[in-house]
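# Architecture and fold: a report
Chain by chain, the residues:
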Amino acid sequence: MIDLDRFDFEVECPKCSFATKIFYRDARLRDVLICRGCKANIQLNDHMNECRKARRQFHTVMQELENAIAKLNNITIRL
Ligand SMILES: [Zn+2]
């Protein structure tokens, strides 16, 4: 199963604008990063639990897709 947690993207430091790569998981767990530019602590904030909700919806959709493909081909495909 594809896991959204392993997707990465870049965020900019609010102090120095240095771009840092983070994983979706870091945002979901509200991790604290250290900026590689100015060494400031960056507290990630999953505002309104949007990351958590998106991950759950993504899992549901992927499960439905797996089921649909399995019905079409009568085989099991693990995505
Ligand atoms: Zn910085």
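As shown above, the structure is provided for reference.
What comes next is a walk through the structure. It should be emphasised that the depicted structure is a prediction, and the values quoted were computed from it without experimental measurement.

In this section: the nonpolar core. With 10 residues, the main nonpolar core is built from Leu4, Cys13, Ile22, Tyr24, Ala27, Leu33, Cys35, Ile42, Leu44 and Cys51. Once you skip the residues sitting within four places of it in the chain, Cys35 turns out to touch Cys13, Cys16, Phe18, Ala40 and Ile42.

Let us now look at the coordination of the zinc ion. Listed as protein donors to the zinc ion are Cys13 (SG), Cys16 (SG), Cys35 (SG) and Cys38 (SG); their distances from the metal cover 2.3 to 2.4 Å. Around the zinc ion sit four donor atoms, and with donor-metal-donor angles ranging over 102 to 112° the site reads as tetrahedral. When the donors of the zinc ion are listed by position in the chain, the intervening gaps give C-x2-C-x18-C-x2-C. One end of the pair, Cys16, is in the loop between β1 (8–12) and β2 (19–23); the other, Cys38, is in the loop between β3 (32–34) and β4 (41–43), with 22 residues separating them in the sequence. Residue Cys38 is classed as partly exposed on the basis of its relative accessible area of 33%.

Quick look at the environment of Ser17 now. Turning to its location among the elements, Ser17 is positioned in the loop between β1 and β2. Distance from Ser17 to Gly37, taken between C-alpha atoms, is 8.3 Å for residues 20 residues apart in sequence.

To continue, consider the side chain of Asp5. Relative to the helices and strands, Asp5 resides in the segment before β1. On the accessibility criterion, Asp5 (7% relative accessible area) is buried. In terms of polar contacts, Asp5 uses its side chain to reach the side chain of Arg28, at 2.6 Å. Excluding its chain neighbours within four sequence positions, the residues that come into contact with Asp5 are Phe23, Tyr24, Arg25, Arg28 and Arg55.

On a regular strand, each side chain points to the face opposite its neighbour's, so the side chains alternate between the two faces of the sheet. As defined by bridge partners, β1 adjoins β2 across five bridges and the pair is classed as antiparallel. From the neighbouring strand, Glu12 faces β2, where its bridge partner is Ala19. Between β1 and β2, which pair antiparallel one after the other, the connecting turn spans six residues, and Ser17 there sits at a positive phi close to 65°.

Position of Arg52 among the secondary structure elements: in helix α2 (residues 50–73). Considered as a pair, Arg52 and Leu29 are 23 residues apart in the sequence and their alpha carbons are 8.7 Å apart. Contact partners of Arg52, with chain neighbours within four places excluded, come to Arg28, Arg30 and Asp46.

Cut-offs used in this document
- Position numbers for residues start from 1 in each chain and track the written sequence from start to end.
- Reporting of local features is limited, given that this is a predicted model, to residues whose pLDDT is at least 70; pairs of side-chain atoms are given and counted only at 80 or more, and all residues count toward the totals for whole chains, interfaces and linings.
- Excluded from the side-chain calculation are hydrogens and water; included are all heavy atoms of the structure.
- Here, the term nonpolar core denotes a set of buried Ala, Val, Leu, Ile, Met, Phe, Trp, Tyr and Cys residues that are joined through side-chain atoms within 4.5 Å.
- Per-residue accessibility, obtained with a 1.4 Å probe over protein chains only, is compared with the maximum for each type, and a residue is labelled buried under 20%, exposed over 50%, and partly exposed between these values.
- Between two residues, a contact is recorded if the distance between any of their heavy atoms is within 4.5 Å.
- Only N, O and S atoms count as donors, using a 2.8 Å limit from the metal and a wider 3.2 Å limit for Na, K and Ca, and since water is excluded some coordination spheres may look unfilled.
- Angle rules define the geometry names used: all angles between 85 and 135 degrees makes four donors tetrahedral, while opposite donors over 155 degrees apart and all other angles between 65 and 115 make four donors square planar and six octahedral, leaving every other case irregular.
- In DSSP terms, a helix is any run of H or I states spanning at least four residues, a strand is any run of E spanning at least two, and both are numbered starting from the N terminus.
- What qualifies as a polar contact is a pair of N or O atoms within 3.5 Å, subject to a donor-acceptor requirement within protein and to the restriction that residues adjacent in sequence count only when both atoms come from side chains.
- At least two DSSP bridges between two strands are needed for those strands to be called paired.

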